[in-house]
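Observations on the three-dimensional arrangement
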Amino acid sequence: MSDGHETWLKQIDAELDGELSLVERAALAKHLATCSHCSGARASQLEVRVAVARSAGDPHARVVPRPIIRGRALAFWVVVAIALGVAGGWLAHGRWGGPGGSLEDSRAAIVVH
Amino acid sequence: MLGAAASLAAAALQGPGTRVTYRVRVVEQGDRELARGAVSGPAGTDLRFALKTDSADIEALFQIVPQGDTVIVAAEFFTKRLAGRSRRGLALWEQDSYRRGVRLAWGDTARVHLFGRPRGGSRLWLELVLERGFSGGEGRPAEELQVVDAASDIRLEAVVRPRRARVILNLVRADTVSGPRGFDLVPDAPARRVQLAMAGRRTNLEIALTRPEPSPSARDRVLALDAEVVCLRVVAPPPSPDVAQPVGVVCGRLNDVARRLPLPGGDTLVATFAWPSGR
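Residues numbered from 1 in each chain as written. Chains lettered and ligands numbered in written order. Predicted model: local features only at pLDDT ≥ 70, side-chain atom pairs only at ≥ 80, totals over all residues.

**Focus on the overall build of chain A**
- Check the secondary structure of chain A and you find 5 helices and 1 strand.
- For chain A, the N- to C-terminal ordering of α and β elements is α-α-α-α-α-β.
- Residues counted as buried form 6% of the 113 residues belonging to chain A.
- Here the analysis covers contacts within chain A between residues at least 6 apart in sequence; of these, 36% occur between residues at least 24 apart. (Helix = DSSP H or I, 4+ residues; strand = E, 2+ residues; numbered from the N terminus. Buried ≥ 20, exposed ≤ 12 C-beta atoms within 10 Å, placed from the backbone. Contact = placed C-beta atoms within 7 Å.)

**Some words on the overall build of chain B**
- Within chain B, the regular secondary structure consists of 2 helices and 19 strands.
- Across the 279 residues in chain B, those meeting the buried criterion constitute 23%.
- Partitioning the intrachain contacts of chain B with sequence separation of at least 6 by distance along the chain shows that 51% fall at a separation of at least 24.

**Some thoughts on the interface of chain B and chain A**
- At the junction of the two partners, chain B supplies 21 residues and chain A supplies 12 residues.
- For the side of chain B that touches chain A, the secondary-structure elements that each account for two or more residues are β5 (70-85), β6 (91-105) and β7 (109-113) of chain B.
- Of all the elements, β6 of chain B adds the most residues to the side of chain B that touches chain A, at 6 residues.
- In terms of residue class, the side of chain B that touches chain A is built from 11 nonpolar, 4 polar and 6 charged.
- Relative to β7 of chain B, strand β1 (residues 109-112) of chain A runs antiparallel, the two being bridged by 4 bridges. Within β7 of chain B, the position partnered with valine 112 of chain A by the bridge is alanine 110 of chain B. (Nonpolar A, V, L, I, M, F, W, Y, C, P; charged D, E, K, R; others polar. Pairing = 2+ DSSP bridges.)

**Describing the confidence of the model for chain B**
All names here are of chain B.
- Chain-level pLDDT for chain B is 87 on average; 89% of the residues reach the 70-or-more range.
- The lowest-confidence element of chain B is helix α1 (residues 2-11), averaging 48 in pLDDT; the highest-confidence one is strand β3 (residues 46-52), averaging 96.
- Confidence drops under pLDDT 50 across residues 6-15; counting only partners more than four residues distant or on other chains, this segment forms 14 contacts.
- Both scores are available for the predicted complex, with the pTM at 0.68 and the ipTM at 0.74. (pLDDT = per-residue confidence, 0-100.)

**Some words on the environment of glutamate 131 of chain B**
All names here are of chain B.
- Summarising the element assignment, glutamate 131 is placed in strand β8 (residues 124-134).
- Separated by 91 residues in the primary sequence, glutamate 131 and serine 40 have C-alpha atoms spaced 9.1 Å apart.
- Among all residues touching glutamate 131, those that are not within four sequence positions of it are Thr21, Arg23, Trp106 and Gly107.

**Overview of the nonpolar core**
- Core analysis: the biggest nonpolar cluster contains 36 residues, and Phe62, Val73, Ala75, Val112 and Leu126 of chain B have the highest contact counts within it.
- The element contributing the most residues to this core is β5 of chain B, with 6 residues.
- Those residues in contact with alanine 75 of chain B that lie beyond four places of it in its chain are Ile110 of chain A together with Ala60, Leu61, Phe62, Arg99 and Arg100 of chain B.
- With 14 residues, the next largest nonpolar core counts Leu209, Val230, Leu232 and Ala271 of chain B among its residues. (Core = buried A, V, L, I, M, F, W, Y, C linked by C-beta atoms within 7 Å.)

**Re the sheet that holds β7 of chain B**
- With antiparallel pairing, the 6 strands of this open sheet are ordered in space as β1(A)-β7(B)-β8(B)-β1(B)-β2(B)-β9(B). Either end of the sheet is taken by a strand with one partner, and the two such strands are β1 of chain A together with β9 (142-147) of chain B. Going from strand to strand, the sheet's axes swing by 20 degrees on average, the running direction of each strand aside.
- The pairing of strand β1 (residues 18-28) of chain B with β8 of chain B spans 11 bridges and is classified as antiparallel. Across the sheet, tyrosine 22 of chain B pairs through a bridge with leucine 130 of chain B, a residue of β8 of chain B. (Axes fitted to C-alpha atoms, helices over the stretch in contact; angles between N-to-C directions.)

The structure is reproduced here in C-alpha cells:
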C-alpha cells in the first residue's frame, strides 16, 4: 500500500511538472478520485509551488519559475573560483613544489672574467 | 675519460717540480664573501667543492688540463635541490649531475654561478683562480679554508690520485705475527713476487696494486670519492708454470688501516696501505 502511494506521489510530481502523457494523467486522475491521501498530497504540492512562484516574484506563473543566474552573480562566482584556484595552487606549490623552470637554467654556469 | 686526459696532461705538465693552486672565494649577492680558501698540490691535484644549504646540496669536482699558457677547467657537478614535500611531509629532492668546462689563462678568474646563469643578478657564485708555481720540494697537497659566515656549510678538498703507494704486509696465524715488510708499489704495474717468513716457514706470494672498479654510485664516480683507494691482488705462485692460484683482493684507502685477507694455508695476510714516505 505504502509502495503504491510512493509511486502515485512521484506521478503527482511529474504531472505538476507537465511530464506525464495523457494516458498517465488519466490513470492518475482516476486514482485521485478515490484516494483522499493522494489528492491531499497533490493539493500540498500545488501550495508549495505557489509559494515558490511567489517568492520568485511571479505569483501568476503557470509552472514553477526556474532560478535565473544573473550576470553579476555569475561574474562574482567566477572570480571567487579563480581566486580559490590561485590560492590553492600557491599553497600546493609551497607544500609540494612544482615543475620549476628549465633544467638548463638551474644548472651551474662558468663565466671567465 | 676526462680523468685519464687530466692525468696524462698533468704528467706532461711542467715537470715534476710544478705545483697547482686553486684559489677559491664563495660570494653571495651584494658581494658578501661567505668563505675563501685555497687547495694546492702536485700536478694532477683536483679540487672537490661542496656547499650545503637548506634547499640545495652542490658538490663539484674541478679538474684542469694545462694547454700552454692556458688551462682547461672541467667541472663535474652533482647537485640535489629541494623540490617540495610529499603528501606525508617528507622532503622531495631533485638530483642532477652534469659537466661544465671552460678555457682560461693562468691567473684569470672564472666565476661559477652555482644556481645557473645570472639574470639580473646571481645569488651565489664561486670565484676560482688557477695558479701554478714551483713546488720547492713540497709534494703534499694542502688545503685552507676560512668560512666567514658560520651558517654556511662549505668544504674544499684536495683530490690526489696516488701514483705510488706504500704497502706493509704481515702474516698472522693465531698469536704469531711476522715482522712487517713494506713495499712501494705502483698501481697497474706488473705483479711482484714477495716472500714472507713466519715461525721459520716461508710463504711466497705474487702481489700487484690496481685501481678499484668504478663505483656503482654516480655520486662517488662524479666526485672521485674513491680517488685514494687502491686494491692489492694476491696470487699464490703456481706450483707448475701454467697454473696460477688467485688468493683474493683487498681494497682500501691510503690511511694506515690494516685489512685482512685469509690465505689458503690457514695464515692471514694483513695489508696496510699508506702514502709513500717523502710525500
